[in-house]
Amino acid sequence: MAYENYKGIDSVTVADVEALGIPSELAGEIHKKLTRIVRNYGSTTPQTWHHISKELLSPKLPFSLHQMMYYGCYKDFGPDPPAWLPDQKNAGLTNIGQLLERRGKEFLGSNYEDPISSFSDFQRFSVSEPEVYWKTILEEMNVSFSVPPECILRESPSHPGGQWLPGARVNPAKNCLSFRKRTLSDVAIVWRSEGNDEALVEKMTLKELCESVWAVAYALETLGLEKGSAIAIDMPMDVNSVVIYLAIVLAGYVVVSIADSFAPREISTRLMLSKAKAIFTQDFIFRGDKKIPLYSRVVDARSPTAIVIPNRASSLSIQLRDGDISWPDFLERVKDSRGLEFVAVEQPITAFTNILFSSGTTGEPKAIPWSLLSPFKAAADGWCHMDIKKGDVVAWPTNLGWMMGPWLVYASLLNGASIALYNGSPLGSGFAKFVQDAKVTMLGVIPSIVRTWKAKNSPDGFDWSTIRCFGSTGEASSVDEYLWLMGRAEYKPIIEYCGGTEIGGSFVSGSLLQPQSLAAFSTAVMGCSLHILGDDGLPIPSDVPGIGELALGPLMFGASSTLLNADHNEIYFKGMPVLNGKVSSLEIERICNAADENILETAAVGVPPAGGGPEKLVIAVVFKDSDNLEHNLDTLMISFNTALQRKLNPLFKVSSIVPLPSLPRTATNKVMRRVLRQQFSQADQGSKL
């Protein structure tokens, strides 16, 4: 371990600092600051490191000094020491912090303290009260429906993932172009092409983005395709591909995501699985000094009609197949419509908006459709975990062929932020300069990119101080490399982000309201329940350390519910244990209602024990004879457990039965399980549940 190779910081001398190549006078100043910090905060505390990182270290100092300070400070601390700490002032300015300051007591009752102390309680609330939580988040993001949903969540045994926003009609692209969070003059996209690194950053305002998207949407109509048809994009992620992506969605078609690195065979497979009717591509792209053909690969893949965009020129330098269309000719078809708003095609929430694919490394790639829900899941993750908001500039080197491409579009635009796009390789100093010049506030990375930056020292000499946080996904990260990365931006936090295409985002991440350790997660994502299954197939209690298989609760907003080329239930649910917390309340209640003829209705509630550990299953019962609550509860307990263990899981056990004259309900007659949960939790702290 690296910690073993370093002295404790209370033993570091001026000579140790000088040995790193630091001049004597500066080494003395550094040691003087270090001595003061250790005297005030101790030699091995998170506060010590916090003050060292903010007051002593800078990107200009050798990384070897950063290592000496970090590993020396935490030499005897234990696993996962925090590399960044939140403070109450800045936490209160985050999206979640502001929400909790306004409504924390409404959500969490008297348990609410402040945004930092109550964040974990709020995450649990987001799981236990999904309807309240997601209604709130959609309102916070100003999501606009042409037809509002009948409810937020409808649970059903036939839909393990739940039916979300049933009855709603919406268009995510229309929401991306909305003026509700910004003005027409606000910048929506900033970009620069590799090789033009000394040029000014190019900018597109929201007004210009709208007009560009409308023009492409009108041109798409000239192709004569049925609404819902699939249209592929095989391009680098640049301003044109973002415009095309939004136009396809706005016009009621389905994007087929194809990475620009794919060979003809891989392109052909994805076109076939998606039944794409057309494809957008470029003649070629540049990567450094290399000129890489794209159109010829599409032709070799025997694609349908291709719309071909010239790269770095006003006209194509290649001959097109019969039936293919050049980009200028495509836009010329609707020149009379320029500037006219295109009326968005609003569709049912279950309609497809994007077909993405698994990597296909173990066989044919899974064709994974995103419904209209998935864009809002991506945006909600950005709102909650990366704190993306109006005024932010968000960069993440990626491609529309992978889920982080669409994620970047939605997480930025739906939250009122600008997308920052570098058309070229992100590995060199050109990208590092772009981050500086575009004034990026949230920089997403992949660990292998960071590894290359560190080896080449790509950010050296560039000012990354505008960055508020990093995001990281795609691979396992390294403590030392991410210590280096934090040091490039004056020790701003790195939010680890792990999920999947099927989820539309993440299930485990970090938060600006929690201490963040290097190469580690700090929380389940808002709205997601996680379980570690031990060797017996049962979940290890959340407050007990353990190693096992990670299982996700199935009720996940925005997750896909079908596959185009495989059985979704067979792939994701077959063989999974049915456990308390992973079975819907409706399933339990349906069985309990039929267990005794005297029962009018029941409500199943998971109640956390006062001393911690797994939730206990409590059943609230309303009897038909509501004036007589003196039924034999011991006999009823046996009936409930027998029925549940026979029909759901042999390990199921009801802990308590609570007779009630009626169940608390909303104005629309929905059972308020949250109220029951709070009542039963309070009762458990001093009674017999």
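Before reading further, recall that the structure is shown in the block above.
So, how was this worked out
- Residues numbered from 1 in each chain as written.
- Predicted model: local features only at pLDDT ≥ 70, side-chain atom pairs only at ≥ 80, totals over all residues.
- Heavy atoms only, no water.
- Buried < 20%, exposed > 50% of the residue type's maximum accessible area, 1.4 Å probe, protein only.
- Helix = DSSP H or I, 4+ residues; strand = E, 2+ residues; numbered from the N terminus.
- Right-handed = clockwise from strand over helix to strand, strands pointing away.
- Pairing = 2+ DSSP bridges.
- Core = buried A, V, L, I, M, F, W, Y, C linked by side-chain atoms within 4.5 Å.
- Contact = heavy atoms within 4.5 Å.
- Expected span 1.5 Å × (residues − 1).
- Arc of directions from axis to C-beta.
- Axes fitted to C-alpha atoms, helices over the stretch in contact; angles between N-to-C directions.

Caption draft 1: Region of interest: the pairing of strand 8 (residues 254-257). Residues V254 and V256 line one face of strand 8 and the alternating positions V255 and S257 line the opposite face, and both faces are buried. Regarding the hand of the β-α-β motif, the stretch spanning strand 7 (residues 230-234), helix 11 (residues 239-250) and strand 8 is right-handed. In this structure, strand 8 lies alongside strand 15 (residues 352-357), joined through two bridges in parallel fashion. Within strand 15, the position partnered with V256 by the bridge is I355.

Caption draft 2: A look at the nonpolar core. W49 and L443 are the most contacted members of the largest nonpolar core, which totals 157 residues. Among the elements that line this core, the one with the most residues is helix 11, at ten residues. With near-sequence residues (within four places) excluded, L443 lies in contact with A395, F431, V435, W453, W464, I467, C469, F470 and G471.

Caption draft 3: Just helix 2 (residues 24-41), in detail. Here helix 2 is 18 residues long and its end C-alpha atoms lie 26 Å apart, about the 26 Å a rise of 1.5 Å per residue gives. Every buried residue belonging to helix 2 is among A27, I30, H31, L34, I37 and V38, and all of these are buried. Angularly, the buried residues of helix 2 cover 125 degrees about the axis, an arc narrow enough to put them on a single face. Opposite the packed face of helix 2, turned more than 90 degrees from it, sit the exposed residues E25, K32 and R39. Those residues of helix 2 that are buried are in contact with helix 1 (14-18), helix 3 (46-55) and helix 4 (63-73). Count one or two residues on from helix 2 and you reach G42, which has phi positive near 90 degrees.

Caption draft 4: Spotlight on the sheet that holds strand 21 (residues 494-496). Taken in spatial order, the seven strands line up as 6-5-18-17-19-20-21 in an open sheet, and their pairing is mixed. With partners counted over all chains shown, the strands left at the sheet margins are strand 6 (202-205) and strand 21, one partner each. Shown here is a sheet whose adjacent strand axes are inclined to one another by a mean of 20 degrees, direction ignored. Of the strand pairs in this sheet, strand 17 (residues 393-395) and strand 19 (residues 442-445) are connected by two bridges, and their pairing is parallel. When the bridges of strand 19 are listed, A395 appears paired with L443. Strands strand 5 (187-193), strand 17 and strand 18 (418-423) of the sheet are contacted by helix 16 (residues 404-413), whose axis makes an angle of about 145 degrees with strand 18. The strands touched by helix 19 (residues 479-488) are strand 19, strand 20 (469-472) and strand 21; relative to strand 21, the strand with the most contacts, the crossing angle is about 135 degrees.

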